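The residues making up each chain are set out below.
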Amino acid sequence: MGNDVLLEKGVSTPDADTVGGAGVGQILDDCKRNPLYQLKTLFLFTKSDFKTVIVPQSIFAATAALSKTQLTTATPEGSDVTNGWGIVSRIPLMLAWIWLNLLVEDIANQRLEGAIVEDAVNKPWRPLPSRRLTPEQARDWLIISIIAAVGLSALFGGYSASITLMVFIWMYNDLEGSSSGIWIRNALNAGGLMCFSWGALATLSGGELLPRGFAWILVTGAIIMTTVHAQDLPDIEGDMARRRLTVPLTYGETAARASLAVMVMFWSVACPLVWDASLWGWAASTGIGCAMSVLALQKRGQRWDEVVWKLWCLWITVLYMLPALAK
């Protein structure tokens, strides 16, 4: 759910028998037991999702928590999280919540055989195609990360969001929802990202979401569902290798690009209207939306499609900021 190609090579760990005996194998085992090696491996699972999940969701939670419109039960009368300093004190908890739950999602997805085939083409630096660890070891890390994510959520907030996210992850990966059809896949993507918004805001604010908070998250889910196929444009080659049905491969690139441009411009206008945004909010939303739409329609090829995908990440972040950019 969410991708980018970053050119970093992983560390290959071939079988000891192919490189010179048990001595080398022992060195490789020692390397794998090194905490820094393990931490880098976990980081590589989530590396490409910093700009698609961690940064945008952090901004979403911060701006929603500081919004003039009350979106959670954290009120001046009943909560110590009522000002900038109170929110700042909970930022580490929010970041830990997002990253741990993201780690669960990424390991669950990347350990599957089809994902390894796709990543070997699009993201060969990831832990499994670069052979930093085996699928069995990834499974063990998945169990540990689930326990850590749910435990943190139970202690500090976002428990319901975390459990709901686990259900979406299970449906997307283990039930092969990612291959069940374009719109099912997009709906699961949107549902997962809405859970990140829900949990991040609940953890940061220290309160429960009010109906208007859920309504705003549902709007962001609709935005994602109708525009997230921007990520499929630079991944066409890998999706073809995996035989995954995506909007560009099913309806053709022209239709995919046209629908992306139309929906991006619709939401670029609709969301500032909803929040009665300031001039800055209007300028950022429509400006980035126009640039992305023009590039999607006029430029083709992986290089330009990567630019479109990065602009989408920036654009969705700007839309997340609109509660704080209201008049």
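Here the structure is a predicted model, which is why all the values come from computation and not from measurement. (Residues numbered from 1 in each chain as written. Predicted model: local features only at pLDDT ≥ 70, side-chain atom pairs only at ≥ 80, totals over all residues. Heavy atoms only, no water.)

Asks: Would you explain the UniProt feature "transmembrane region" (unreviewed entry) in the protein chain in this entry?
Replies: Residues annotated in UniProt with the feature "transmembrane region" (unreviewed entry) correspond here to residues 141-170, 182-201, 213-233, 281-297 and 309-326. A distance of 32 Å separates the end C-alpha atoms of residues 213-233, which is 71% helix and 0% strand. Secondary structure within residues 309-326 divides into 72% helix and 0% strand; the distance between the first and last C-alpha atoms comes to 26 Å. (UniProt positions renumbered as here; feature names shortened; annotations may be inferred. Helix = DSSP H or I, 4+ residues; strand = E, 2+ residues; numbered from the N terminus.)

Asks: How should I be thinking about the packing of helix H3 (residues 50-65) against helix H5 (residues 91-110) in this particular structure?
Replies: Geometry of a packed helix pair, given as the angle between the helix axes and the separation of the axes. At their nearest, the axes of H3 and H5 sit 10 Å apart, and the two run at 145° to each other. Viewed along their axes, H3 and H5 form a crossing whose handedness is right-handed. In this structure, H3 contributes Phe50, Val53, Ile54, Gln57, Ser58 and Ala61 to the contact, and H5 contributes Met94, Leu95, Ile98, Trp99 and Leu102. Along the lines of polarity and charge, the residues of the contact of H3 with H5 split into nine nonpolar, two polar and no charged. (Axes fitted to C-alpha atoms, helices over the stretch in contact; angles between N-to-C directions. Left-handed = near helix turned anticlockwise from the far one by under 90°. Contact = heavy atoms within 4.5 Å. Nonpolar A, V, L, I, M, F, W, Y, C, P; charged D, E, K, R; others polar.)

Asks: What is the right way to read the pattern of salt bridges from this model?
Replies: Think of it this way: side chains of opposite charge can pair up when their charged atoms draw near. For the structure on display, the rule yields six salt bridges. Across the pair Asp174 and Arg111 runs a salt bridge whose closest N-O atoms are separated by 3.6 Å. Of this pair, Asp174 sits in the loop between helix H8 (159-173) and helix H9 (182-205) while Arg111 is found in the loop between H5 and helix H6 (113-122), placing the two residues 63 residues apart along the sequence. Classification of Asp174 by relative accessible area gives partly exposed; the value is 42%. We classify Arg111 as partly exposed; its relative accessible area is 23%. The salt bridge partner of Asp305 is Arg257, with a shortest N-O separation of 3.1 Å. In this pair, Asp305 sits in helix H15 (residues 302-321) while Arg257 sits in helix H13 (residues 253-275), placing the two residues 48 residues apart along the sequence. You can call Asp305 buried: its relative accessible area is 2%. Under the relative-accessibility criterion, Arg257 is labelled buried at 1%. Sharing partners across several salt bridges, the network here consists of Glu253, Arg257 and Asp305. (Salt bridge = Lys/Arg side-chain N within 4 Å of Asp/Glu carboxyl O. Buried < 20%, exposed > 50% of the residue type's maximum accessible area, 1.4 Å probe, protein only.)

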